[in-house]
Amino acid sequence: MSLIRRRKPSKTPASESKPQKAALDEEDEEDEDDKNKKLPSKGKKPGEKPRWSCVDSCCWFIGCICVTWWVLLFLYNAMPASFPQYVNKAIHGPLPDPPGEKLRKEGLQARHPVVFVPGIVTGGLELWEGHHCAEGLFRKRLWGGTFGEVYKRPLCWVEHMSLDNETGLDPCGIRVRPVAGLVAADYFAPGYFVWAVLIANLARIGYEEKTMYMAAYDWRLSFQNTEVRDQTLSQIKSNIELMVATNGGKRAVVIPHSMGVLYFLHFMKWVEAPAPMGGGGGPDWCARHIKAVMNIGGPFLGVPKAIAGLLSAEAKDVAVARAIAPGFLDNDIFHIQTLQHVMKMTRTWDSTMSMIPRGGNTIWGGLNWSPEDGYVCRRKREKSNDTHIVSGTGSGSAVSQTKCANYGRIISFGKEVAEAPSSEIERIDFRGAVKGHSVANTTCRDLWTEYHDMGPGGIKAVAEYKVYTAESVLDLLHFVAPKMMARGTSHFSYGIADNLDDPKYQHYKYWSNPLETKLPNAPEMEIFSLYGVGKPTERAYIYKLSPAAECYIPFQIDTSADDEDSCVRDGVYSVDGDETVPVLSSGFMCAKGWRGKTRFNPSGIRTYIREYNHSPPANLLEGRGTQSGAHVDIMGNFALIEDVIRVAAGASGEDLGGDHVYSDIFKWSEKIDLHL
């Protein structure tokens, strides 16, 4: 109801009757109400609805996120620490003891000193000297931790994380160094563990910092350059010697992960080689100081994923994101890190070239064959109780109905090329092609890559060769990135040795290739290969030419290529593995190359394969899972942690039960014709 305003009495003629006055008052009030109803608001036309702008939507969206975040944060902090465990226990029953607690109850105690060797990208890096744009970042982490500088000053971050493109060492005026201690790689980022779970479980049986050592190193450098610049290999040697001496002569258990497996393989040759190239420890150093090497997720023979990274700065996940937002990752939008920035930076990291596939077509297959021929996606595996080996052979009907993927063709330009018989593929050799040059570098500035020195002719020649195997892909990388590969081939080698007694194999470039070097003379030492299986893992790629543009990467994975029958999805062929390293790379050396006395293992070091079948977390409260087989998440796998602790407490491979295999690694290894 409208409010009735009293009107001042006015003098009216005496002749005016009272009923007339009342009627006039009511008429005035109605007129006033109508005016109030019809009166438009400021800035709006009559009958127009309020507008809802994009800014309003953004504000509401941000506000909802902030309110939700603060509510969840409040509830998390107000929640008792034991509440998640209580809920999980109520739903799923009592939780199993962590491996360290379980083995402590069995009476196991710390015995052998333990050395951790982190892999690529998992170790923290901090700034010791930088340019003006990095002011205030002294000894702050540029890699690892919160990664705050990536979005605060992205181009400055790229500049400081890059190495010199000629030397592979520090650029002028920049010093980035590895973080020291266990904190170097316990967590990659807040809440994302790498070594933390394993360290905590070792502590439960009595380990502490004096009996555990994190062999942190600058994972961007070539392995030999970590010694040249930082004397890292010498520090690892000294620390192992100290730990052995202060623990009553008990030899160390070394646990490398991912690229750290190759790094420690290099170390074992370096430490026994004479100075100045080596550490001068003598031919029996490893026998005197190392009990076991427990390699986790080791890319002994490289990974095809490294090829995609070097060729187009992408892998499966990046390719899918690139397909969803085609222009976003290819353009310098708001100066954020695009694929061009990533390529410019990672191509200065010599360590990435340590994981290019080794062994050529002998190991990885050719145009018409590969060791994994007949692999069936998503097959059921049945475990054999007698041998602890799970049969990976699918039924005959399943294999016959499934297309055979040509895994030996690591890169194919077009799905039809990937599937065609080799006799029907017309190829034009790219090696003698005239590269030419692209337009002058006027707009690309710091994003100028070696692709711009190829020109359209060179790019076309690469695509017309159509298909690349493990051997020809090396020629491809030399063609598209000659500067990068010139540095890489001076530090790494990718072949198979004919005669390991040839003096040339005493050079450090061969030390991280298990097919071109011998294991130490240490018959009492044991070597384990521990890795996950049951996760689709990148093995080969279908490529296409990118639309021509300024400062662009001319090749990209063709995410439109899909075929469930031949294990190709989003342009990527997958096989069994841990999502990063295929089973063939992780398991072949311990399954065949080093098994028994071979020319690669002259002293007969015992080797064991321990596979861990992937099982996703049962619920959200389980985090990343206690039975994961993924490349990094396996570091929290309870079965793997238990195996590591038992060996550190004195057990041997035979005490663990020998090999424990789910995949077809032994069958695939037999298909490889390698002189042993």
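A tally of regular secondary structure across the chain gives 24 helices and 19 strands. Every one of the 676 residues in the chain was classed for burial, and the buried ones make up 51%. Pairs at least 24 residues apart make up 74% of the contacts formed inside the chain by residues separated by at least 6 positions. Summing over all exposed atoms, the chain offers an accessible surface of approximately 32000 Å²; the carbon and sulfur share of this is 56%.

Turning to the environment of Phe600, a few remarks are in order. Secondary-structure assignment places Phe600 in the loop between α21 (583–593) and β19 (606–613). Sequence-distant contacts of Phe600, defined by excluding residues within four places in its chain, comprise Leu500, Pro514, Leu515, Thr517, Lys518, Leu519, Gly593, Trp594, Leu674, His675 and Leu676.

Below, the discussion takes up the sheet that holds strand β4 (residues 175–178). Read from one edge of the open sheet, three strands run β3-β2-β4, paired in antiparallel fashion. At either end of the open sheet lies a strand with only one pairing partner, and these are β3 (141–143) and β4. Put simply, the sheet's adjacent strands are angled 45° from each other on average, direction ignored. Running over the sheet, helix α6 (residues 154–161) touches β2 (125–129), β3 and β4 and is turned about 80° from β3.

On the surface, Val67, Val71, Leu72, Phe74 and Leu75 cluster together to form a nonpolar patch covering roughly 500 Å² of accessible area. Taking the relative accessible area as the measure of exposure, Phe74 reaches 58% and is therefore exposed.

It is worth spelling out the pairing of strand β1 (residues 114–117) at this point. Side chains on a regular strand alternate between the two faces of the sheet. Covered by surrounding structure in β1 are Val114 and Phe116 together with Val115 and Val117, the residues of both alternating faces. Pairing of β1 with strand β8 (residues 252–256) involves four bridges; the strand directions are parallel. By the bridge assignment, Val115 is partnered in β8 with Val254. Pairing analysis gives three bridges linking β1 to strand β7 (residues 212–214), with the strands arranged parallel.

Another point: the environment of Phe638. As for its placement among the helices and strands, Phe638 is situated in helix α22 (residues 638–648). Overall, Phe638 belongs to the partly exposed group, its relative accessible area being 22%. Residues Phe638 and Gly625 lie 13 residues apart in sequence; the distance between their C-alpha atoms is 9.2 Å.

Residues Gly455, Gly458, Ile459, Ala461, Val462, Ala463 and Tyr465 constitute the buried set of helix α18 (residues 455–465). In this structure, the buried side of α18 is in contact with β12 (411–413), β13 (467–468), α19 (472–480), β15 (535–545) and β16 (555–557). Positive phi shows up at Lys466, right after α18, with a value of about 75°.

Before going further, it helps to spend a moment on helix α20 (residues 482–489). Within α20 the residues assigned to the buried category are Met484, Met485, Arg487 and Gly488. The buried residues of α20 all sit within an arc of 155° when viewed along its axis, so they share a single face. Looking at the packing, one finds that the buried side of α20 touches α12 (304–312) and α19.

Right, let's get into the side chain of Asp578. By secondary structure assignment, the location of Asp578 is in the loop between β18 (572–577) and α21. This buried residue, Asp578, is left without a salt bridge; Lys305 holds the nearest opposite charge, at 7.7 Å. Among the polar contacts made by the side chain of Asp578, one reaches the main-chain amide nitrogen of Thr580 at a distance of 2.9 Å. A polar contact is formed between the side chain of Asp578 and the side chain of His631, at a distance of 2.8 Å.

With the rule as written, the count across this model stands at 29 aromatic pairs. Relative to Trp349, the ring of Trp143 lies with its centre 6.2 Å away and its plane at 90°, an arrangement referred to as edge-to-face. Of this pair, Trp143 sits in strand β3 while Trp349 sits in the loop between α14 (339–346) and α15 (360–364), placing them 206 residues apart in sequence. The exposure class assigned to Trp349 is buried, which follows from its relative accessible area of 4%. Ring centres 6.3 Å apart and planes at 70° place the aromatic pair Phe188 and Tyr192 in the edge-to-face group. Members of the aromatic cluster, connected to one another through ring pairs, are Phe413, Phe430, Tyr465, Tyr468, Phe479, Tyr541, Tyr543 and Phe555. Of note, Arg427 hangs over the ring of Tyr465, and the distance from its end group to the ring centre comes to 4.1 Å. Above the plane of the ring of Phe193 lies Arg624, whose end atom (NZ or CZ) is 3.9 Å from the centre.

Across the sheet, six strands lie side by side as β7-β1-β8-β9-β14-β19; this open sheet has parallel pairing. The open sheet terminates on both sides in strands that have one partner only, identified here as β7 and β19. Going across the sheet, the axis of each strand differs from the next one's by a mean of 15°, ignoring polarity. Here helix α9 (residues 232–246) sits on the sheet in contact with β1, β7 and β8, set at roughly 175° to β7. Running over the sheet, α21 touches β14 (526–533) and β19 and is turned about 155° from β14.

Following Ala275, the chain continues into Pro276 via a peptide bond in cis, with omega recorded as 10°. Looking at where Pro276 falls in the secondary structure, it is placed in the loop between α10 (259–272) and α11 (285–289). Unlike most non-glycine residues, Val121 shows phi in positive territory, near 65°. Tracing the backbone shows Val121 in the loop between β1 and β2. The phi angle at Ser258 is positive, at roughly 55°, despite the residue not being glycine. Residue placement: Ser258 occurs in the loop between β8 and α10.

Side chains that are nonpolar tend, in soluble globular proteins, to be buried together. Membership of the largest hydrophobic core comes to 134 residues, with the highest contact counts inside it found for Phe267, Ile411 and Val480. Examining the composition of this core, we find that ten residues originate from one element, α10, more than from any other. Beyond its immediate stretch of four places on either side in the chain, Phe267 contacts Leu233, Ile236, Lys237, Ile240 and Trp285. If you look at the next biggest cluster of nonpolar residues, it comprises 38 residues, including Trp195, Ala196, Met214 and Ala216.

What follows deals with the pairing of strand β9 (residues 290–296). The buried fraction of β9 is high, at seven of seven residues. Note that β8 and β9 share three bridges and pair parallel. Looking at β9, one finds that Ala252 is bridged to Ile290. As judged from the five bridges shared by β9 and β14, these two strands associate in the parallel manner. Residue pairing for β14: Ile296 is matched across the bridge by Leu530.

What counts, and at which threshold
Residues numbered from 1 in each chain as written. Predicted model: local features only at pLDDT ≥ 70, side-chain atom pairs only at ≥ 80, totals over all residues. Heavy atoms only, no water. Helix = DSSP H or I, 4+ residues; strand = E, 2+ residues; numbered from the N terminus. Buried < 20%, exposed > 50% of the residue type's maximum accessible area, 1.4 Å probe, protein only. Contact = heavy atoms within 4.5 Å. Areas by Shrake-Rupley, 256 points an atom, 1.4 Å probe, with all protein chains shown as cover. Pairing = 2+ DSSP bridges. Axes fitted to C-alpha atoms, helices over the stretch in contact; angles between N-to-C directions. Patch = residues over 30% accessible without salt bridge, like charges linked within 9 Å, V, L, I, M, F, W, Y side chains within 5 Å. Salt bridge = Lys/Arg side-chain N within 4 Å of Asp/Glu carboxyl O. Arc of directions from axis to C-beta. Lys, Arg positive; Asp, Glu negative; His and termini not counted. Polar contact = N/O pair within 3.5 Å; in protein donor to acceptor, adjacent residues only side chain to side chain. Phe/Tyr/Trp six-rings, centres within 6.5 Å; stacked < 30°, edge-to-face > 60°. Lys NZ or Arg CZ within 6 Å of the ring centre and 35° of its normal. Core = buried A, V, L, I, M, F, W, Y, C linked by side-chain atoms within 4.5 Å.

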